[in-house]
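Analysis of the macromolecular model
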Amino acid sequence: MSVLVTGGAGFIGSHLIEILLARDPDASVVCLDDFNANYDPALKRANAARFAGDRRVTLVEGSFCDAAAMQRLFAEREIRQVLHLGAYAGVRASVTQPAIFTATNVDGTLSLLEAARVHPVERFVFVSSWTVYGDAARVPFQEDAPLGIPLSPYGVTKRAGELLCFAYMKLHGVPVVCLRPFSVYGRRIRPDLAMWIFADAILRGRSIPLLGDGSYRRDFTHVSDVCEGLLAALNAPNAPGEAINLGHDEPIPVGDLVSLLEDALGRKAVIEMRPASPADLPETRADLTKARRLLDYQPRMALVDGVRDFAAWFRELRAT
């Protein structure tokens, strides 16, 4: 019996597989990734190389959008748990390329749910996003409070994925859990995310594109804490059928993040102010009441420590 990690060569997925292997000497992990060009495939291949030689890992290069292939994979590898992290990600990119986000994030999720229906699993964990909350949601974001309208096609596809999951639980008994991470950061972060963009600009002496006045607040959450929440969701008895936040509950202005990076990297940033994007909310903040109750979730990485660790890794990356 195996656990399937989709997007396993990506930022969060690669960390998650490393933790699974570290904790279970008898683990059987199927890492599924198509190494698409959403960002540099070489970065993903470097991530996968960290565990590709481990006998406990089967690396499958393919797409979860291929419904027939997923039916075969579930049957042949005896998939019993699913951690569905794979997706086309990026709020702004989804505004200009909505079709590929819909095809991957909605149709691809449906393909996996169909495979889990035909070949029953013990748990199906769908990694959603805070972007499902939209512009009318009350801060801090509570999972079971009314949602606003997502401000990007990416957020729409994640909400659609959640609804598919809940429908498949109601109709077919697929034991789904939908997790909503908040602004995940750490080593191996995607190059399109703010922390990479800011650190790269600081080290190269280029200007940082800061939207608005830099006062919009984000609930930055370290990848190690998010992985703990993901793993807890695999076995938590009362989690199926629930949407659960995975955040840090201590949002800071993005301008303050720049200051933390300046301190960690030992260089001053050059700020270039740009107009705020209509796809960005003024504040994100996770209410963690439900996560604490159902998953015993408690974020442990302080932002200042997480930024220092990220900065050390980023310096090493740039030196190679």
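Residues numbered from 1 in each chain as written. Predicted model: local features only at pLDDT ≥ 70, side-chain atom pairs only at ≥ 80, totals over all residues. Heavy atoms only, no water.

Assigned secondary structure in the protein chain consists of 11 helices and 13 strands. Against the 2.2 N^0.38 benchmark of 20 Å for 320 residues, the protein chain shows a C-alpha radius of gyration of 19 Å, consistent with a compact globule. Each principal axis of the C-alpha distribution contributes one length, and for the protein chain these read about 55 × 45 × 35 Å. Within the protein chain, the fraction of its 320 residues that count as buried is 53%. Across the protein chain, the fraction of contacts at a sequence separation of at least 24, relative to all contacts at a separation of at least 6, is 83%. Counting 35 positive and 38 negative side-chain charges, the protein chain places the centres of these two groups 1 Å from one another. (Helix = DSSP H or I, 4+ residues; strand = E, 2+ residues; numbered from the N terminus. Rg over C-alpha atoms; globule rule 2.2 N^0.38 Å. Buried < 20%, exposed > 50% of the residue type's maximum accessible area, 1.4 Å probe, protein only. Contact = heavy atoms within 4.5 Å. Lys, Arg positive; Asp, Glu negative; His and termini not counted. Charge placed at Lys NZ, Arg CZ, Asp CG, Glu CD.)

Our focus in this paragraph is the packing of helix α1 (residues 11–23) against helix α8 (residues 223–233). One way to put it is that α1 packs onto α8 with a least axis distance of 10 Å and a crossing angle of 65°. Where α1 crosses over α8, the two elements pack in a sense that is right-handed. Contacts between α1 and α8 involve F11, I12, H15, L16, I19, L20 and R23 from the former and V223, V226, C227, E228, L230 and L231 from the latter. (Axes fitted to C-alpha atoms, helices over the stretch in contact; angles between N-to-C directions. Left-handed = near helix turned anticlockwise from the far one by under 90°.)

With that settled, consider the side chain of S2. Residue position: S2 is located in strand β1 (residues 2–6). A polar side-chain atom of S2 sits 3.2 Å from the main-chain carbonyl oxygen of R77. For S2, the contacting residues outside a window of four places in its chain are S28, V30, R77, E78, I79, R80 and Q81. (Polar contact = N/O pair within 3.5 Å; in protein donor to acceptor, adjacent residues only side chain to side chain.)

With 75 residues, the main nonpolar core has L83, L230 and L295 as its most contacted residues. Excluding residues that lie within four positions of it along the chain, L83 makes contacts with V3, L4, V5, T6, L16, L20, V125, L230 and L234. Counting residues in each nonpolar core, the second largest holds 23 residues, with V30, L32, M70 and L112 among its members. (Core = buried A, V, L, I, M, F, W, Y, C linked by side-chain atoms within 4.5 Å.)

A word on the packing of aromatic side chains. Counted by the stated rule, this structure contains 10 aromatic pairs. Considering the side-chain rings of Y133 and F182, the 6.3 Å spacing of their centres and the 40° angle between planes classify their relative orientation as tilted. Here Y133, found in the loop between β5 (123–127) and α6 (153–172), pairs with F182, found in the loop between β6 (176–181) and β7 (184–185); they are 49 residues apart in sequence, far enough to count as distant. No difference in accessibility class separates Y133 from F182, as the two residues are buried. Each residue in the set W196, F310, W313 and F314 is aromatic and connected to the rest through ring pairs, giving one cluster. Here the basic side chain of K44 rests over the ring of Y39, its NZ or CZ set 4.5 Å away from the ring centre. (Phe/Tyr/Trp six-rings, centres within 6.5 Å; stacked < 30°, edge-to-face > 60°. Lys NZ or Arg CZ within 6 Å of the ring centre and 35° of its normal.)

Moving on to the environment of L179. Here L179 is to be found in strand β6. The class of L179 is buried, set by a relative accessible area of 0%. Residues L179 and I244, 65 residues apart in the sequence, show an inter-C-alpha distance of 4.8 Å. Leaving out residues up to four positions away in the same chain, L179 has contacts with V125, F126, V127, S128, S129, G229, L230, A233, I244, L246 and L295.

This brings us to helix α2 (residues 41–49). Of all the residues in α2, the buried ones are K44, N47 and A48. Down the axis, α2 shows its buried residues gathered within 95° of arc, on one side only. Check the buried side of α2 and you find it contacts α1, β2 (29–33) and β3 (57–61). You can read the cap of α2 off the contacts: a side-chain oxygen lies 2.9 Å from the backbone nitrogen of A42, and it is on D40. (Arc of directions from axis to C-beta.)

Attention now goes to the pairing of β2. Of all five residues that make up β2, five are buried, and the element is covered over most of its length. Of the two faces of β2, the one lined by V29, C31 and D33 and the one lined by V30 and L32 are each fully buried. With four bridges connecting them, β1 and β2 associate as parallel partners. The residue of β2 that forms the bridge with V5 is C31. This β-α-β element, β1 to α1 to β2, shows right-handed connectivity. With five bridges connecting them, β2 and β3 associate as parallel partners. Paired with L32 across the strands is V60, a residue of β3. Where the polypeptide runs from β2 across α2 and back to β3, its parallel neighbour, the crossover connection is right-handed. (Pairing = 2+ DSSP bridges. Right-handed = clockwise from strand over helix to strand, strands pointing away.)

Another aspect to go through is unusual backbone geometry. For residues that are not glycine, phi is negative in most cases, and the peptide bond is trans in most cases. The amide bond that connects V139 to the next residue, P140, takes the cis arrangement and shows omega of 0°. Take P140: it is sitting in the loop between β5 and α6. Phi angles above zero are rare outside glycine, and F35 is one such case at about 50°. In this fold, F35 is placed in the loop between β2 and α2. At S183, a position not held by glycine, the phi torsion is positive, near 40°. On the secondary structure map, S183 appears in the loop between β6 and β7. The exposure class of S183 is buried, given its relative accessible area of 15%.

Don't take any of this as a statement about function, it's just geometry.
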